[in-house]
Amino acid sequence: MSGVRLENVRKVYPNGRTAVAAANFEVEPGELIVFVGPSGCGKTTLLRMIAGLESISAGTLSIGGRVVNDVPPKDRDIAMVFQNYALYPHMNVAENMGFGLRLRGVPRAEVATKVQAAAAMLGLEHALQMKPGQLSGGQQQRVAVGRALVREPKVFLLDEPLSNLDAKMRLSMRVEIARLHRRLGTTMIYVTHDQIEAMTLGQRIVVLKDGVIQQIDTPMRLYRAPVNLFVAGFLGSPAMNTMRGIYRADAAGSIELSADTRMALALPGETHARLAAFDGRKLVLGLRPEHLHLADAATPQSWPRCTAQVDVVEPVGSEVFVGMRWGACALTARLAPDCLPAVGDSLELSFDPATLHFFDAESEARIDSA
């Protein structure tokens, strides 16, 4: 196993556009790390620099302790799985999987042994003589993974490998990739724009925006302690609710959301003390949809409350997403499946103030409140 280390790695195109700005992090040997972000954020460019398919404008890239800035892709001992599978239509599965080994002059018997072993691992033994056109999308994806697998590389690079599959097949292949990583223990770098894939697959996640790394952390740490509003809004489905207003450090804290809307926050003492410096300043409150509840007799009287009007109701089986308006604020709550309000209904909502996130309205950076 080999790790990957990036030190101030940059990609600047001749027209001056910066695709990746000063990437500094290390992928541990055997780790599965995910690059995630919206289209154009630089995640695929970063992966292609690691693969050697894009030149590096500045910085140092090391694989297994060896600097590879000027090393050709074929000599980096990496294997890449592409979004479009890149299978040869005139070759059968066995030939596709063994093609790279044959190019390297590996003996035919050894190629056959490695292909058979990879096919068994991926459940493709019955398909070895079939052509790609005879396979389903999921089977073609497994062939592409198998072609990388037989090479026994130091690092696997996967560039949005599931984006062409339907929702059910994506879920199945996510499970297969996670299982394969556990079995092999090989270093894997996975690129996706899908935050669900990122959260379920990555041991750590690199979140990018406009070529800049926003945060690198474990999935749950990213979810529970996002460093800024972008990360808070990007990870989580439905997205985090945000409420902008002027913070007042009176009593246990309150927020002025508009001229006629003010909410007492009943903040814990330590949180209230930490936010004292923000008295009179614009803040953004963040609240996950699952932390917004229907107020009832069991709701603590100290919890903040508001009455919102229902705009949208989305039953998804095990839960219901309810979109609402409270003054100028748009709110989404994740409620139990037996709650099916009608559009136009008014709901009294409440939340535990300990679940609030706080962000500076100008810098959009997280304010640590605990």
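Residues numbered from 1 in each chain as written. Predicted model: local features only at pLDDT ≥ 70, side-chain atom pairs only at ≥ 80, totals over all residues. Heavy atoms only, no water.

Caption draft 1: Representation of the overall build of the protein chain. Scanning the protein chain for helices and strands turns up nine helices and 20 strands. Across the 370 residues of the protein chain, 49% fall into the buried class. A fraction of 64% describes how many contacts in the protein chain between residues 6 or more apart in sequence connect residues 24 or more apart. Of the roughly 16,800 Å² that the protein chain leaves accessible, carbon and sulfur atoms contribute 51%. Charged side chains of the protein chain number 39 positive and 38 negative; the gap between the two group centres comes to 8 Å. (Helix = DSSP H or I, 4+ residues; strand = E, 2+ residues; numbered from the N terminus. Buried < 20%, exposed > 50% of the residue type's maximum accessible area, 1.4 Å probe, protein only. Contact = heavy atoms within 4.5 Å. Areas by Shrake-Rupley, 256 points an atom, 1.4 Å probe, with all protein chains shown as cover. Lys, Arg positive; Asp, Glu negative; His and termini not counted. Charge placed at Lys NZ, Arg CZ, Asp CG, Glu CD.)

Caption draft 2: Highlighting unusual backbone geometry. A cis amide bond, omega 0°, links serine 237 with the succeeding residue proline 238. With respect to the helices and strands, the residue proline 238 is situated in the loop between α8 (229–234) and β11 (241–248). Of note, glutamate 152 is a non-glycine position whose phi angle comes to about 50°, a positive value. Secondary-structure assignment places glutamate 152 in the loop between α4 (137–149) and β7 (155–159). The residue alanine 266 is not glycine, and still its phi comes out positive at about 50°. Among the secondary structure elements, alanine 266 is positioned in the loop between β13 (261–264) and α9 (269–274).

Caption draft 3: A look at helix α5 (residues 167–184). The end-to-end C-alpha separation of α5 is 26 Å, in line with the 26 Å expected for 18 residues at 1.5 Å each. Residues Arg170, Met173, Arg174, Ile177, Ala178, Leu180 and His181 constitute the buried set of α5. Viewed along the axis of α5, the buried residues span an arc of 160°, placing them on a single side of the element. In α5, the exposed residues that point more than 90 degrees away from the buried face are Lys168 and Arg182. Tucked inside the fold, the buried residues of α5 contact β3 (32–36), α3 (108–122), α4, β7, β8 (187–192) and α6 (195–201). Here α5 starts with a cap whose side-chain oxygen sits 3.2 Å from the backbone nitrogen of lysine 168, and that cap is aspartate 166. Looking one or two places after α5, you find glycine 185, whose phi comes out positive at around 65°. (Expected span 1.5 Å × (residues − 1). Arc of directions from axis to C-beta. Polar contact = N/O pair within 3.5 Å; in protein donor to acceptor, adjacent residues only side chain to side chain.)

Caption draft 4: View of the environment of serine 57. Looking at where serine 57 falls in the secondary structure, it is placed in the loop between α1 (43–51) and β4 (58–63). Overall, serine 57 belongs to the partly exposed group, its relative accessible area being 38%. Sequence separation of serine 57 and arginine 10 is 47 residues, and the distance between their C-alpha atoms is 5.5 Å. Setting aside residues no more than four positions away along its own chain, serine 57 makes contact with Arg10, Lys11 and Val12. Only 2.8 Å separates the side chain of serine 57 from the backbone nitrogen of valine 12, close enough to count as a polar contact.

Caption draft 5: Here's a closer look at the pairing of β3. For β3, the buried fraction is high: five of the five residues fall into the buried class. Burial of β3 is two-sided: the residues Leu32, Val34 and Val36 facing one way and the residues Ile33 and Phe35 facing the other way are all buried.

Caption draft 6: Structural context of the packing of aromatic side chains. Across all of its chains, the model carries three aromatic pairs by this definition. Relative to phenylalanine 234, the ring of phenylalanine 230 lies with its centre 5.6 Å away and its plane at 20°, an arrangement referred to as stacked. Highlighted residues: phenylalanine 230 and phenylalanine 234, both in helix α8, separated by four residues, approximately one helical turn. Like phenylalanine 234, phenylalanine 230 is buried. (Phe/Tyr/Trp six-rings, centres within 6.5 Å; stacked < 30°, edge-to-face > 60°.)

Caption draft 7: Here's a closer look at the nonpolar core. Residues Met97, Val143, Phe156, Leu158, Tyr190 and Val207 are the most contacted members of the largest nonpolar core, which totals 44 residues. Look past the residues within four positions of leucine 158 in its chain and what remains in contact with it is Leu47, Val81, Ile177, Met188, Ile189, Tyr190 and Val191. Of all hydrophobic cores here, the second largest spans 31 residues; its members include Tyr247, Met263, Leu287 and Ala333. (Core = buried A, V, L, I, M, F, W, Y, C linked by side-chain atoms within 4.5 Å.)

Caption draft 8: Looking closely at the sheet that holds β8. Reading across the sheet, the six strands line up as β6-β7-β8-β3-β9-β10 and stay open at both edges, with mixed pairing between neighbours. At either margin of the open sheet sits one strand with a lone partner, and together these are β6 (78–81) and β10 (212–217). Within this sheet the neighbouring strands show an average axis-to-axis angle of 15°, counted without direction. When β6 meets β7, the two strands line up parallel, connected through four bridges. Bridge pairing in β7 links methionine 80 to leucine 157. Here α5 sits on the sheet in contact with β3, β7 and β8, set at roughly 160° to β8. (Pairing = 2+ DSSP bridges. Axes fitted to C-alpha atoms, helices over the stretch in contact; angles between N-to-C directions.)

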